[in-house]
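Results of the structural survey
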Amino acid sequence: MIEVKKVTNKKELKQFVTFPFKLYKDCKYWVPPLIKDEMETLDKAKNPVFKNAEAWYFLAYKDGKIAGRISVIINQLEVEEQNKKKVRFGWFDVIDDVEVTKALLEKVFEIGAAHNLEYTEGPVGFSNMEKAGILTMGFEELNTMITWYHYPYYAKHFEQLGFEKQATWVEYKLSIPDSIKEKVAKFSKIVKQRYNLSVIRFKNKKEILPYVDKMFDLLNKTYNDLQTFVPIQQYQIDYYKEKYFSFVHPDYITCIKDETGKLIAFSIVMPSFSKALKKANGRLFPTGWYHLLQAQKKNDIAAFYLIGIDPELQGKGVTAIIFEEMQHLFNSKGIERVETNPELKENTAVQLLWKDYEPVQHKERSTFRKDL
């Protein structure tokens, strides 16, 4: 017997957040999130995204045991300002039983229909700054801090239920050479001189703060035309700044300004926290904080998280400056391999950035869509 119940209290929300810890207990590739962070993200009293979003959380029970979870999300900016009549779903995890998946998705259909929406898509978060997509390739790879891991049967369930792929993201492994490539260094120098650009270097996190809002402004400009993009609001920027700032090391941020001091490009790279998060197993205490700190201090793998370039300078070689800075950083820190963040498959301009670093696609993920 399958029964789906709405989450109505903190105890049930904790069960919702921790269900994947049981589902993936024996999976060596699943990277657990921090339970405290997940609880706060889903808390309507703590996450400012609920100023423009609604969400419902559900748990599926089979024979009295939790067998799946799903969140149903309506982003009002997307529906009202972008006129996308979409009901989102996310935080989707399930046992290998398509009937449980079907029962969970029926809640998405019910809420979408009740709000006069036309189709559903997921899994996605509240906004573009969160995880998205069902893993369809790379099941024997650790997921990063900003992606979900899924078993191969997830995508099969959606296909069985008549869903079609909507957006697809690809991820790459990059090999880092022992020294800067001559043509990158040469091109970087030419671009700096041609457009009067210079690199901003930070000594501590306090120096970064005045540039954070400008970075998000560049993100909005950089990705505005992509199919999944919803503009990031100021209150979301403030929230993400507080949530992720502790993970960011000044050395791993590259900012580029023009002769007037205007920020025209930036990139954020982090040491890989995947192995450390596995050791932490969802908790900072008693030892989780130590594993994360060690990952930040000593690591041979990094993850490319964000890159933004002013549209007026896209395609003008600014990335050569970013790569020159990153190359020096990687060599000084002993970084041998870098993983890219998920990039939309059609965003070939971004994928071309990695062509000189022996890119190997190792993961792929997609959202799935169905008309209501």
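All of the points below concern the structure found in this document.

Further remarks concern unusual backbone geometry. The general pattern is negative phi for most residues beyond glycine and trans for most peptide bonds. Of note, the amide linkage connecting Gly 122 to Pro 123 takes the cis form, showing an omega dihedral of 0°. Checked against the element boundaries, Pro 123 lands in the loop between strand 5 (119-122) and strand 6 (134-137). Here the amide bond leading from Phe 285 into Pro 286 is cis, since omega sits at 10°, within 30 degrees of zero. Turning to its location among the elements, Pro 286 is positioned in the loop between helix 9 (274-280) and helix 10 (288-297). Backbone geometry places Asn 83, a non-glycine residue, at a positive phi of 60°. Here Asn 83 shows up in the loop between helix 3 (76-81) and strand 4 (86-94). Residue classification places Asn 83 among the exposed positions, given a relative accessible area of 53%. Despite not being glycine, Asn 116 shows a phi value in the positive range, around 60°. Structurally, Asn 116 is set in the loop between helix 4 (98-114) and strand 5.

This next bit is on the pairing of strand 14 (residues 360-371). Relative to strand 14, strand 5 is paired through 4 bridges, and the arrangement is antiparallel. In the strand pairing of strand 14, Gly 122 is matched with Phe 368. Relative to strand 14, strand 6 runs antiparallel, the two being bridged by 3 bridges. Bridge pairing in strand 14 links Ile 134 to Ser 366.

Following the criterion strictly, the structure yields 19 salt bridges and no others. Note that Glu 141 and Lys 173 form a salt bridge whose closest N and O atoms lie 3.1 Å from each other. Within this pair, whereas Glu 141 is found in the loop between strand 6 and helix 5 (153-160), its partner Lys 173 is found in strand 7 (residues 164-175), the two being separated by 32 residues in sequence. A residue is classified by how much of its surface remains accessible, and Glu 141, at 22% relative accessible area, is partly exposed. When salt bridges that share partners are traced, they join Glu 78, Lys 86, Arg 88 and Glu 121 into one network.

This part is about a positive patch on the surface. Taken together, the side chains of Lys 10, Lys 14, Lys 46 and Arg 283 make up a positively charged region of the molecular surface. Within the secondary structure, Lys 10 is located in helix 1 (residues 10-23).

By the element assignment, Thr 41 lies in helix 2 (residues 35-42). Residue classification places Thr 41 among the buried positions, given a relative accessible area of 1%. In contact with Thr 41, not counting residues within four places along its chain, are Asn 47, Phe 50, Trp 91, Phe 126, Glu 130, Tyr 239 and Lys 243.

Okay, a nonpolar patch on the surface next. A grouping of Leu 284, Phe 285, Trp 289, Tyr 290 and Leu 293 is seen on the molecular surface, where their side chains present a nonpolar patch of about 520 Å² in accessible area. Along the polypeptide, Phe 285 turns up in the loop between helix 9 and helix 10.

Cut-offs used in this document
Residues numbered from 1 in each chain as written. Predicted model: local features only at pLDDT ≥ 70, side-chain atom pairs only at ≥ 80, totals over all residues. Heavy atoms only, no water. Helix = DSSP H or I, 4+ residues; strand = E, 2+ residues; numbered from the N terminus. Buried < 20%, exposed > 50% of the residue type's maximum accessible area, 1.4 Å probe, protein only. Pairing = 2+ DSSP bridges. Salt bridge = Lys/Arg side-chain N within 4 Å of Asp/Glu carboxyl O. Patch = residues over 30% accessible without salt bridge, like charges linked within 9 Å, V, L, I, M, F, W, Y side chains within 5 Å. Areas by Shrake-Rupley, 256 points an atom, 1.4 Å probe, with all protein chains shown as cover. Lys, Arg positive; Asp, Glu negative; His and termini not counted. Charge placed at Lys NZ, Arg CZ, Asp CG, Glu CD. Contact = heavy atoms within 4.5 Å.

Treat this as a map of the structure, not an account of what it does.
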